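Coordinate inspection notes
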Amino acid sequence: KAKEKELAQIKESLESVKAELEQFEVTYSSEYSQLKKEIQQLSELIESSQKEQVISQRKRQEIERNLASLQAQLAGVIQCPKCSHEFTLSNNIDIESVRQKASDTQTNLDAIVKLVDEQEKHINALTSQKQTKGIKCNTLDDKRTSLSAQVNNIQTSVNKTSAEVQKANAEMSSVCDAINKTQKEIDNIRRTLFDEVY
């Protein structure tokens, strides 16, 4: 009786965990697939953003080279101490034009540096989102695994207790058979005794 009561409690627990697992599976499959889809989209966005950043960095390097070249040309500028006239040893350079180009190039460089920084922040934000969603996926996987393990453990307990109940029933049946056999022997002895008496 005690084993049957224990078995009933374990079966009730098993049904409860199975119901929880089934309910979880319904939300798990849709939520998990949605998270995986979002992770894939974020991966694609990160990849395209990284490609854009590489292009921006190449532009930055090119602008830096141009600026260095213009600054090198301006480094050779000599100013007359008397009239303040500026000239270079190579007469074919328009100093004001080169200064204007250097100023415009510096403005372009500042803009591209800002763009590269913004792209870096954007990539970091996307990567952070991807990691967060990956952690959520892992949490869902862990919970599913945990619930499945609970179901398996409880099922093992049900099987073990069922076997114990069957064993107890078999022992009880064996004892009942022995009692019946002994009762028949007693009845036979009584009959024999009464027959001898009469």
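Residues numbered from 1 in each chain as written. Predicted model: local features only at pLDDT ≥ 70, side-chain atom pairs only at ≥ 80, totals over all residues. Heavy atoms only, no water.

**Things to note about the pattern of salt bridges**
If the charged atoms of two oppositely charged side chains come close together, the side chains can form a pair. Per the stated rule, a full pass over the model turns up six salt bridges. The partner of Glu164 in a salt bridge is Lys3, with the nearest N and O atoms 2.6 Å apart. Of this pair, Glu164 sits in helix H2 (residues 95–197) while Lys3 is found in helix H1 (residues 2–75), placing the two residues 161 residues apart along the sequence. Note on Glu164: relative accessible area 26%, which makes it partly exposed. For Lys3, a relative accessible area of 31% gives the class partly exposed. Here Lys133 and Glu38 are joined by a salt bridge, their closest N and O atoms 2.7 Å apart. With Lys133 in helix H2 and Glu38 in helix H1, this residue pair connects regions lying 95 residues apart in the sequence. Connected through shared salt-bridge partners, Lys3, Glu6 and Glu164 make up one network. (Salt bridge = Lys/Arg side-chain N within 4 Å of Asp/Glu carboxyl O. Helix = DSSP H or I, 4+ residues; strand = E, 2+ residues; numbered from the N terminus. Buried < 20%, exposed > 50% of the residue type's maximum accessible area, 1.4 Å probe, protein only.)

**Overview of a nonpolar patch on the surface**
A cluster of nonpolar residues, Leu193, Phe194, Val197 and Tyr198, forms a patch on the protein surface that exposes about 530 Å² of accessible area. As for its placement among the helices and strands, Phe194 is situated in helix H2. Among the residues examined, Phe194 registers a relative accessible area of 47% and is labelled partly exposed. (Patch = residues over 30% accessible without salt bridge, like charges linked within 9 Å, V, L, I, M, F, W, Y side chains within 5 Å. Areas by Shrake-Rupley, 256 points an atom, 1.4 Å probe, with all protein chains shown as cover.)

**Description of the nonpolar core**
Counting 17 residues, the largest nonpolar core has Leu140, Ile154 and Val158 as the members making the most contacts within it. At the level of elements, H1 and H2 are the ones that each hand at least two residues to this core. Ranked by residue count, the leading element in this core is H1, at ten residues. The residues contacting Ile154, other than those within four sequence positions of it, are Ile10, Ser13, Leu14 and Val17. One finds Ile63, Leu67, Leu109 and Ile112 within the second-largest nonpolar core, a separate group that totals seven residues. (Core = buried A, V, L, I, M, F, W, Y, C linked by side-chain atoms within 4.5 Å. Contact = heavy atoms within 4.5 Å.)

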